[in-house]
Each structure stands twice: as structure tokens, then as C-alpha cells.
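Summary of structural features
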Amino acid sequence: MHKGNEESKALREKIFEYVRVRMDYDPIPLDYPKSEQELFAEAGITLTEQGLGGEQALKLFQDVLAPATISTDHPGFVSFIPNAATEAASLFDLVVSASSIYGGSWLEGSGAVFAENQVLEWFAAEVGLPKGSGGTFVQGGTIGNLSALATARQAHRNNLTQAGINFAGRLAFIASAESHSSLKAAAKMMDVDILLAEPAEDGRLQASSVKSVYDSAAEHSVFAIVATGGTTNFGIVDDLRGIGEFATSSKTWFHIDGAYGLAGVLSNKYKKLFDGSELADSFIVDPHKWLFAPFDACALVYRNPSIARATHTQHGEYLEALNDSGLWNPADYSFGLTRRTRGLPLWFSLATHGIQKYREAIEHNIDVAHEVAALIKTMDHVELVREPELSVVVFERKGWELADYNAWSDKLLRDEIGFVVPSSHKGKPNTRFAIVNPLTSVALLTEILESMK
Ligand SMILES: *Cc1c(COP(=O)(O)O)cnc(C)c1O
């Protein structure tokens, strides 16, 4: 197991070779899931007292496990939210692993944390937050939302205490009925209530709807209002300015869940959709969704990080050396302690390619979505459910039931053309293209649309 002997050096070369092969695939195999029984029949018991040896274990991964693992970076993978990491970002993830960086504290990880913080500062400025805002990279949007909402609740409690109010009822936050499931999960974890505001017909949450929920929440004390900067289902951006101004006027924490869509702020052409984002008290954006970084990373940023620090800093005898240092410790800004410097792959790729390339790639994804929507309008067998805004296109195949979508979707995957699963809106089945991969072309999506005839 020691590093540096001949055997481990040989294995190192084999693994690098595998990485080269994986990165050179053209096309990338889409692959197909297998049952546990099938996998067991092929792989058997893989853990033995003596070990298989690296070469054999790698072969097992390459021949048996990898082909049963869908490639979310295949250009035809357009369900859920795909992953389309740049090669620079993926490769740097290897460097992060090889470097054994502890990213929880400045003392241990200062160089890496410095670079991560530059990414957070840069993105916060794009969103319009002032200097001094900051946060950390966490595993994903779910943890990011939870950490931000816990901070918002802490701020609210501080305000209540300061005002001499002893509120014994339930706390709540307001979010759109079309917001992400992770917000309901956060409410459950925090044992607070989520008050759902109805968006308008086009899917956009408006301030008037937030206000009426806020005004009728007589039994609750509302500690946060969440707007979505690009819904996962439809890619719709809520009225950030209207909602942000209402939150400001009602002295309520304003959080933007931009896990999927906030990257759209980088496009000069579509930036105006995010007007009002500068009012946020906190926001999240997932680099593993639309900032071309590998799984898993969520950037979490606060306007006033000190409240987050008061909320999340862990105390313990062995930790006080870090807490007393007065240094910027990333672990203080989210739920969790030990952390991988998940922001470094994005930092390296941004530093390598420059920001402009990101603006272009994101704008290109949105343009593809709009082009495909225009195409759908010219086709007789399919119909748009809503006009797209960012890079998600939702449409129905006229006359199809869920079973028809399922059969078609399965064949598409078996033929390794695409991974496009059914979705639904208001109980009616549909399907959607989520376009975050620069290789997902109008031509490929046209082929997929044609296969529904
Ligand atoms: C994906 C998503 C989340 C959850 O993020 P994870 O990284 O999957 O935990 C939250 N909100 C929105 C809007 C999302 O699209």
C-alpha cells in the first residue's frame, strides 16, 4: 500500500491511461444500468483478504462497473440536470485528491481556500453582492439551501431577541410552489414550515403572490423568502427584483436558490433575467450543474458572512485553536466540518480558460434551447408546455400516455442515443431537455424529437 514502490507506480500509469481513454472517448458511451443480480453475476465478490491487485480491480471497473454507469456527460443525456465538466476541471479534481487538502480551515488549507474564495468573490460580484460577502463550497444545492436557511433563521432569532419579542409559535419561510424539493427537505430537517406561494401561469413567482402569503401567515413568524433563479423543471427565473424588494421592505432574509440557473447571470444577453439578484442576503449556485465542473460542488455565498459564522461554527476542545485564530475557516459557513476543496476544479478551469469562455458556453446552451423550442413549434407531433427562458425545454408528445414515454425513453437509452426520461406538469406527462452540455446540439435534439414520431 506504500506510495512510490514499483507496483504502485505501475498502477499509477494504468490509472492515468484509463483517464486518457475515458477522456478521449468519441462518442462517449452512454451505457445502461444493470440489476444487482446481473452485476453480481459479472463482478462477484470484489473484496478479499489478499486483494485483487490494482490491475484486476481497475479492469473490473472498466469492463463491468463503468458500462453499468450512465455517462451524464454524454451529449444526449438531457434529463434531470446533466454534468458537463471541462477537461481542465475534471483533471484538476485528480490533483485535489492527490494533494490531500483539508479545506475546512485557513490554517490547513490557506492556498487552496484563497483560490476558492476568489471564485466565490468573482461570482458574488456577477450576482451584484458587495465586497465583503463570502461563503464556501459545499457538496450540493441541498446542503447549500439548508445552510443558508439555518443562517436566515439565526438572523431572525437575533432580530426577535433584539426587539424583545418572545415568539413561541412556528417559524416558516416562503417559497414558490414550483421551487425545488430540497427546500421542503430543508424545512423538514429544520422543523420549520414552508409556505408555498403560487407562481403565475408562466411559472414565475411574483412579489404579489409572496406578499399575500406573507400577509396571511398570521400564525407563523416568517424568517426567509426564497426565490428561484432558474427552476429545475422549467428554467424559469422568479421576479427577483419584486420579491427582493418586498423582502427588504419586510426586513426578511432574501435567499436565491440558483443551483441550476444562476450561472445564466454570466450571459450578457440573458443577464437581465436576473435583475434584482443584488438584493440577495444569500444565494447558491451549483458548479456541477451549469458551471462545467465535476460532481459535486455548490457555491454558497452570504452578504454578511458573520451571521453564518455564528450559526455554523462548531466548538470543541480540539477546535478552539482554529476558532481563536481569527482566520477565514470555510467550515464555519455551512453545515459540516471536514471538507474537500470542491471549488478548486472550477477555479483551475476558470483560471485556465478565462471567464469569457464561460459566458459564451452558457449563452450557447440557452440559444440551443430557444432554437429547439422554435423547432418544436413547427412540428405536428410535439407541443411546448411553456416558452423556455434559460436552457430547459419542456414539451409533450401529443396523444402519449406515461407508458408511451417510458417505452420510447427506454429504447432511446438502449440505442445509446439519449437519456430523456418522462416528467410531468399538473398531472400530465411530458418530457424535457435540460441543456448544459456544450456538445448537446440542435441536430442531436432534432434526432431525438424525430424519434417520437
Ligand atoms: C439541483 C437543485 C437543487 C439541489 O441541488 P443538489 O446539488 O442536487 O443537492 C436545489 N435547487 C435547485 C433549483 C436545483 O436545481
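Source: prediction; values computed, not measured.

Conventions used here
- Position numbers for residues start from 1 in each chain and track the written sequence from start to end.
- Local features in this predicted model are restricted to residues whose pLDDT is 70 or higher, and side-chain atom pairs enter the listing and the counts only when it is 80 or higher, whereas totals over whole chains, interfaces and linings include all residues.
- Side-chain measures here rest on the full set of heavy atoms in the structure, leaving out hydrogens and waters.
- For the domains described, the bounds stem from an automatic or database domain assignment.
- In this analysis, two residues are considered to be in contact whenever any of their non-hydrogen atoms come within 4.5 Å of each other.
- Computed with a 1.4 Å rolling probe, the buried area is the accessible surface lost when two parts are put together, summed over both parts.
- By definition, a salt bridge exists where a carboxyl oxygen of Asp or Glu is found within 4 Å of a side-chain nitrogen of Lys or Arg.
- The numbering of helices and of strands both runs from the N terminus, where a helix is a DSSP run of H or I of at least 4 residues and a strand a run of E of at least 2.
- Just so you know the grouping, Ala, Val, Leu, Ile, Met, Phe, Trp, Tyr, Cys and Pro go in nonpolar, Asp, Glu, Lys and Arg go in charged, and all remaining residues, Gly too, go in polar.
- Residue burial is assigned from relative accessible area. The probe radius is 1.4 Å, only protein chains are included, and a residue is buried under 20% of its type maximum, exposed over 50%, and partly exposed in between.
- In protein, a polar contact means a hydrogen-donor-capable atom and an acceptor-capable atom, both N or O and within 3.5 Å, with residues adjacent in sequence counting only if both atoms are side-chain atoms; elsewhere, any N or O pair within 3.5 Å suffices.
- Here, nonpolar core means buried Ala, Val, Leu, Ile, Met, Phe, Trp, Tyr and Cys residues that are tied together by side-chain atoms lying within 4.5 Å of each other.
- For this purpose, a residue is taken to be near a molecule or strand whenever a single non-hydrogen atom of the residue falls within 4 Å of it.
- Each accessible area is a Shrake-Rupley estimate made with a 1.4 Å probe; only the visible protein chains count as cover when residues are assessed.
- Following DSSP output, two strands are said to pair if at least two bridges run between them.
- Axis definition: a line fit to C-alpha positions, over the contact stretch in the case of helices; interaxial angles, taken between N-to-C directions, run 0 to 180 degrees.

1. Quick look at the domain arrangement of the chain
Domain assignment breaks the chain into domain 1 (5-30 + 33-69), domain 2 (94-353) and domain 3 (355-450). Computed over C-alpha atoms, the centres of domain 2 and domain 3 are 29 Å apart. With 34 residues of domain 2 in contact, the opposing surface of domain 3 contributes 26 residues. Summed over both sides, the interface of domain 2 with domain 3 buries roughly 2600 Å², with 58% coming from carbon and sulfur. Three residues stand out in domain 2 for area buried against domain 3, namely Phe234, Trp290 and Phe292, and they jointly supply 27% of the buried area on that side. The interface formed by domain 2 and domain 3 holds 4 salt bridges in total. For Arg386, the salt bridge goes to Glu178, with nearest N and O atoms at 3.0 Å. The set of elements that each furnish at least two residues to the side of domain 2 that touches domain 3 consists of α5 (106-127), α10 (287-290) and α13 (344-353). A total of 4 residues in the side of domain 2 that touches domain 3 trace back to one element, the largest contributor, which is α13. In terms of residue class, the side of domain 2 that touches domain 3 is made up of 16 nonpolar, 11 polar and 7 charged.

2. A few points about the side chain of Thr151
Inspection of the secondary structure puts Thr151 in helix α6 (residues 141-162). Judged by relative accessible area, which is 0%, Thr151 ranks as buried. Polar side-chain contacts of Thr151 include one of 2.9 Å to the backbone oxygen of Ser147.

3. Some thoughts on the nonpolar core
Counting residues in each nonpolar core, the largest one holds 57 residues, and the members touching the most others are Phe123, Phe283, Trp290 and Leu291. If you tally residues by element for this core, the top one is α5, at 6 residues. Two domains each donate at least three residues to this core, and these are domain 2 (94-353) and domain 3 (355-450). Each residue touching Trp290, except ones within four places of it in the same chain, is listed here: Tyr260, Gly261, Ala263, Gly264, Ile362, Asn365, Ile366, Leu390, Ser391, Ile435 and Val436. Counting 26 residues, the second largest nonpolar core, distinct from the first, contains Leu146, Ala150, Phe223 and Ala308.

4. As for the site of the ligand
Neighbouring the ligand are 13 residues, the closest being Thr142, Thr232, Asp257, Asp286 and Lys289. A distance of 3.1 Å separates an oxygen atom of the ligand from a polar side-chain atom of His288. For the ligand, an oxygen atom lies 2.9 Å from a polar atom in the side chain of Lys289. Burial of the ligand by the protein amounts to 86% of the accessible area it has alone, namely 380 Å². Secondary structure elements with two or more residues in the shell around the ligand: α6 and α10.

5. Focus on the sheet that holds strand β9 (residues 392-397)
If you walk across this open sheet you meet the 4 strands as β8-β9-β11-β10, and the pairing is antiparallel. Two strands bound the open sheet, and with one partner strand each, they are β8 (382-384) and β10 (422-425). In this sheet, adjacent strand axes meet at a mean angle of 45° when their direction is disregarded. Direction of pairing for β10 relative to strand β11 (residues 428-434): antiparallel, over a ladder of 4 bridges. When the bridges of β11 are listed, Pro422 appears paired with Thr431.

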